[in-house]
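Each chain, written out:
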Amino acid sequence: MVTAFHNIALLTSGGDAPGLNAAIRAVVRAANYHGIAVTGIHDGYDGMMDGDFQELTSAGVSGIIQRGGTILKSSRSDRFTTVEGRRLAFEQLKRHHIDGVILIGGDGSFAGARAFTAEHSIPFVAIPKTIDNDINGTDFTIGYDTAINTAMEAIDKIRDTAESHNKIFFVEVMGRDAGFIAYRTGLGVGAEAIYIPETKTDLQHLYTVLDKGWSRKKSSIIVVVAEGDEVGGAATISKKVNERYPQFAVRLCILGHIQRGGSPTCSDRVLATRLGVGAVNALLEGQSNIMVGEINHDIVYTPLADARKRALQITPSMMEMLNILSS
Ligand code: F6P
């Protein structure tokens, strides 16, 4: 079935992630290709309520595929959590003759979309982005691949200086309450230990790793810690190690927002492009209240109701691999 659309709205919402501009470009180009106009909404849901709208054209999205951030800007909106805020937003969409919405967002933005679509009737399609990679219905979210590569490159540099001075580094990466970034980056940099919220952090295990490293005269040790680790992040763990081993040169590095910026990797650009085109196709097929994702290289649709936060599933073999590599 092909549904007719004349003017769809497009917004980016929540924390930015590399690849947003690539997704914007893909949505605009795909929509224009099908004769549909695209109205860009500035500042996420805040701009939707304020009517901060601007037409986006295929020509206007040239040269943005490689840029980090979002040309539409973004926000985490408190006002949109209210019934009144969402009513205002719907009025603005009607005033601007919008007949469909494509949202590029994460878990928080999807919760807003669920509330909005329960109250107001307008076809709504979501595209998952977050460096945290913690959303159901897709193997990867836009921005995750770039973030882990940024973190990996930063930690490689830390390894150089750690090696030169026989230092132990505790490096904290983002991920909120999920360990995807820490787990994958930790494997990629050959970390001596990785601590994530999905597994119980055993400091005794860390002390064994450090003792072994010391006895084998290792010239550097890198411990990657997810910011959401239940023991309290890299600062807490490094403090404990400092107290127990005053003879070691222990350093702390919190990578922070560097992980959110930069030019997207090829994988993120391609994912964003596929999901952007997929979102327009979903609308044309008459789909509504769904999220478009990619699983095993296929484009898949998940009801918005099920597009929720997920944790990293640590299997026994993943656990075994971590133990082997840190031994
Ligand atoms: O969700 C993306 C993320 O970067 C998390 O990894 C992090 O915990 C959070 O956003 C930081 O948010 P803010 O930019 O508001 O400090």
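Bear in mind the structure is a predicted one, so any value in this text is a computation, not a measurement.

Participant: Describe in detail helix α8 (residues 233-244), supporting the description with residues and values.
Facilitator: The end-to-end C-alpha separation of α8 is 17 Å, in line with the 16 Å expected for 12 residues at 1.5 Å each. Within the sequence span of α8, burial applies to G233, A234, I237, S238 and V241. Looking straight down α8, one finds that the buried residues subtend no more than 150° of arc, so they occupy a single side. Of the exposed residues in α8, the ones pointing more than 90 degrees away from its buried face are K239 and E243. Where α8 is buried, its residues contact β6 (167-173), β7 (193-195), α7 (203-215), β8 (221-226) and β9 (249-254).

Participant: Before we move on, could you go through the sheet that holds β9 and cite the residues and values that matter?
Facilitator: Read across the sheet, four strands follow the order β7-β8-β6-β9 without closing on themselves; strand pairing throughout is parallel. On the outer flanks of this sheet lie β7 and β9, each paired with one strand and no other. Taken over all neighbouring pairs, the strand axes of this sheet differ in orientation by 15° on average, direction set aside. Of the strands in this sheet, β6, β7, β8 and β9 are in contact with α8, which crosses β6 at around 160°.

Participant: Any details on the site of the ligand? Residues and values, ideally.
Facilitator: Close to the ligand lie R76, T130, I131, D132, M174, G175, R176, E227, H257 and R260. Between H257 and the ligand, the recorded distance is 2.8 Å, taken from a side-chain N or O atom to an oxygen atom. The side chain of R260 places a nitrogen or oxygen atom 2.8 Å from an oxygen atom of the ligand. If the ligand stood free it would expose 400 Å²; the protein chains cover 75% of that surface.

Participant: Break down the sheet that holds strand β10 (residues 290-295) for me, citing the residues and quoting the values.
Facilitator: Read across the sheet, seven strands follow the order β3-β2-β1-β4-β5-β10-β11 without closing on themselves; strand pairing throughout is mixed. Of all the strands in the sheet, the pair left with one neighbour each is β3 (53-56) and β11 (298-303). Direction aside, the axes of adjacent strands within the sheet are offset by 30° on average. Pairing between strand β2 (residues 37-41) and β3: four bridges, direction antiparallel. Of the residues in β3, the one forming a bridge with I41 is F53.

What counts and what doesn't
- Residues numbered from 1 in each chain as written.
- Predicted model: local features only at pLDDT ≥ 70, side-chain atom pairs only at ≥ 80, totals over all residues.
- Heavy atoms only, no water.
- Helix = DSSP H or I, 4+ residues; strand = E, 2+ residues; numbered from the N terminus.
- Expected span 1.5 Å × (residues − 1).
- Buried < 20%, exposed > 50% of the residue type's maximum accessible area, 1.4 Å probe, protein only.
- Arc of directions from axis to C-beta.
- Contact = heavy atoms within 4.5 Å.
- Pairing = 2+ DSSP bridges.
- Axes fitted to C-alpha atoms, helices over the stretch in contact; angles between N-to-C directions.
- Near = heavy atom within 4 Å.
- Polar contact = N/O pair within 3.5 Å; in protein donor to acceptor, adjacent residues only side chain to side chain.
- Areas by Shrake-Rupley, 256 points an atom, 1.4 Å probe, with all protein chains shown as cover.

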